Amino acid sequence: MQSVRIDLDARLKNPGDTLPFAGHLDETGYSLGDHDFELPEGIDYDLVLTNAGEGILATGMLRAHVVGACDRCLDPAEFDVDGEVDEYYLFEQPAEGELGDDEDEMDFSLVSADGSIDLEEALNSALLMETPFVVLCHPDCKGLCPVCGANLNHEDCGHAAQIEEERLASSPFAKLRDLNLGEE
């Protein structure tokens, strides 16, 4: 993702000062694990920067339309991402032992020495956190036939009966079908 650098100026000089900040990134895609996704319309974001005294709090929303491959049938799968951006940029690195027990693992970045912040990591995190782990073209996707590889959403290849028979035969309970319990 491209850098989104903001120079902090007099509009955020005092605690409580806020600055609305919106924009568009012409990103074409991203990867998450083994998945590659396209962003045909890029990424839009709408944030509010707030001077919180010890640092700048960036909060807001990120929106993107995403296209990837279905995990079951490999057809294109489209979904929208609405991610929440929430990042804290401290003016100074806290001294060791200055953070309380519950703040030890608090997530924050630092305002750079030139008085700017880079929102790239915060925007990227919001995008990745809202990307589904399993991507489907539609919720009831039938996937690919394990015998011939046909897309079962488009055609019935006729292997369904063979697959069900093999599944039942390989079941550890298959022998129970032949068990005679004295019932007639």
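Going by the structure above, here's the rest.
Presented here is an overview of the structure given in this document. (Residues numbered from 1 in each chain as written. Predicted model: local features only at pLDDT ≥ 70, side-chain atom pairs only at ≥ 80, totals over all residues. Heavy atoms only, no water.)

Examining the side chain of Thr 131
Reasoning step 1: If you trace the backbone, Thr 131 turns up in the loop between α1 (120-129) and α2 (160-169).
Reasoning step 2: Since its relative accessible area comes to 8%, Thr 131 is described here as buried.
Reasoning step 3: Of the polar contacts made by the side chain of Thr 131, one reaches the side chain of Tyr 30; its length is 2.7 Å.
Reasoning step 4: A distance of 2.8 Å separates a polar side-chain atom of Thr 131 from the backbone oxygen of Leu 127.
Reasoning step 5: The residues touching Thr 131, leaving out its near neighbours within four places in the chain, are Tyr 30, Leu 32, Phe 37, Phe 79 and Val 81. (Helix = DSSP H or I, 4+ residues; strand = E, 2+ residues; numbered from the N terminus. Buried < 20%, exposed > 50% of the residue type's maximum accessible area, 1.4 Å probe, protein only. Polar contact = N/O pair within 3.5 Å; in protein donor to acceptor, adjacent residues only side chain to side chain. Contact = heavy atoms within 4.5 Å.)

Overview of a negative patch on the surface
Reasoning step 1: Taken together, Glu 41, Asp 44, Glu 78 and Asp 80 make up a surface patch of like negative charges.
Reasoning step 2: Of note, Glu 41 is situated in the loop between β4 (35-38) and β5 (43-51).
Reasoning step 3: According to the relative accessible area criterion, Glu 41 is exposed, its value standing at 54%. (Patch = residues over 30% accessible without salt bridge, like charges linked within 9 Å, V, L, I, M, F, W, Y side chains within 5 Å. Areas by Shrake-Rupley, 256 points an atom, 1.4 Å probe, with all protein chains shown as cover. Salt bridge = Lys/Arg side-chain N within 4 Å of Asp/Glu carboxyl O. Lys, Arg positive; Asp, Glu negative; His and termini not counted. Charge placed at Lys NZ, Arg CZ, Asp CG, Glu CD.)

A look at the nonpolar core
Reasoning step 1: One finds Leu 49, Leu 62, Val 66, Tyr 89, Ile 117, Leu 119 and Leu 123 to be the most contacted residues of the largest nonpolar core, which totals 33 residues.
Reasoning step 2: Taken together, the elements giving at least two residues each to this core come down to β2 (18-25), β5, β6 (55-69), β7 (76-90) and α1. (Core = buried A, V, L, I, M, F, W, Y, C linked by side-chain atoms within 4.5 Å.)

Brief notes about the packing of aromatic side chains
Reasoning step 1: Applying the stated rule across the entire model yields three aromatic pairs.
Reasoning step 2: Between Phe 37 and Phe 79, the aromatic rings sit 5.9 Å apart at their centres with planes inclined by 85°, giving edge-to-face as the arrangement. Residue Phe 37 is located in strand β4, and its partner Phe 79 is located in strand β7; the two are separated by 42 residues in the primary sequence. Both residues of the pair, Phe 37 and Phe 79, belong to the buried class. (Phe/Tyr/Trp six-rings, centres within 6.5 Å; stacked < 30°, edge-to-face > 60°.)

Some remarks on the pairing of strand β3 (residues 29-32)
Reasoning step 1: Looking at chain direction, β3 and β4 are connected through four bridges and run antiparallel. Opposite Tyr 30, over in β4, you have Phe 37 as the bridge partner.
Reasoning step 2: The hairpin turn running from β3 into β4, its antiparallel successor, is two residues long, and Gly 33 in that turn takes a positive phi close to 65°. (Pairing = 2+ DSSP bridges.)

Overview of the pattern of salt bridges
Reasoning step 1: One pass over the structure, following the stated rule, counts two salt bridges.
Reasoning step 2: Taking the shortest distance from any N to any O, the salt bridge between Asp 9 and Arg 11 comes out at 2.8 Å.
Reasoning step 3: In this structure Asp 9 comes out as partly exposed when scored by relative accessible area, which is 32%.
Reasoning step 4: We classify Arg 11 as partly exposed; its relative accessible area is 49%.

Overview of unusual backbone geometry
Reasoning step 1: Located in the positive-phi region is Leu 74, a residue other than glycine, with phi close to 70°.
Reasoning step 2: Residue position: Leu 74 is located in the loop between β6 and β7.
Reasoning step 3: In this structure Leu 74 comes out as exposed when scored by relative accessible area, which is 61%.

Side note on the side chain of His 65
Reasoning step 1: Counting through the fold element by element, His 65 comes out in strand β6.
Reasoning step 2: A polar side-chain atom of His 65 sits 2.8 Å from a polar atom in the side chain of Glu 78.
Reasoning step 3: There is a polar contact of 2.7 Å between the side chain of His 65 and the side chain of Asp 80.
Reasoning step 4: Filtering out sequence-adjacent residues up to four positions away, His 65 remains in contact with Glu 38, Leu 39, Pro 40, Glu 41, Glu 78, Phe 79 and Asp 80.

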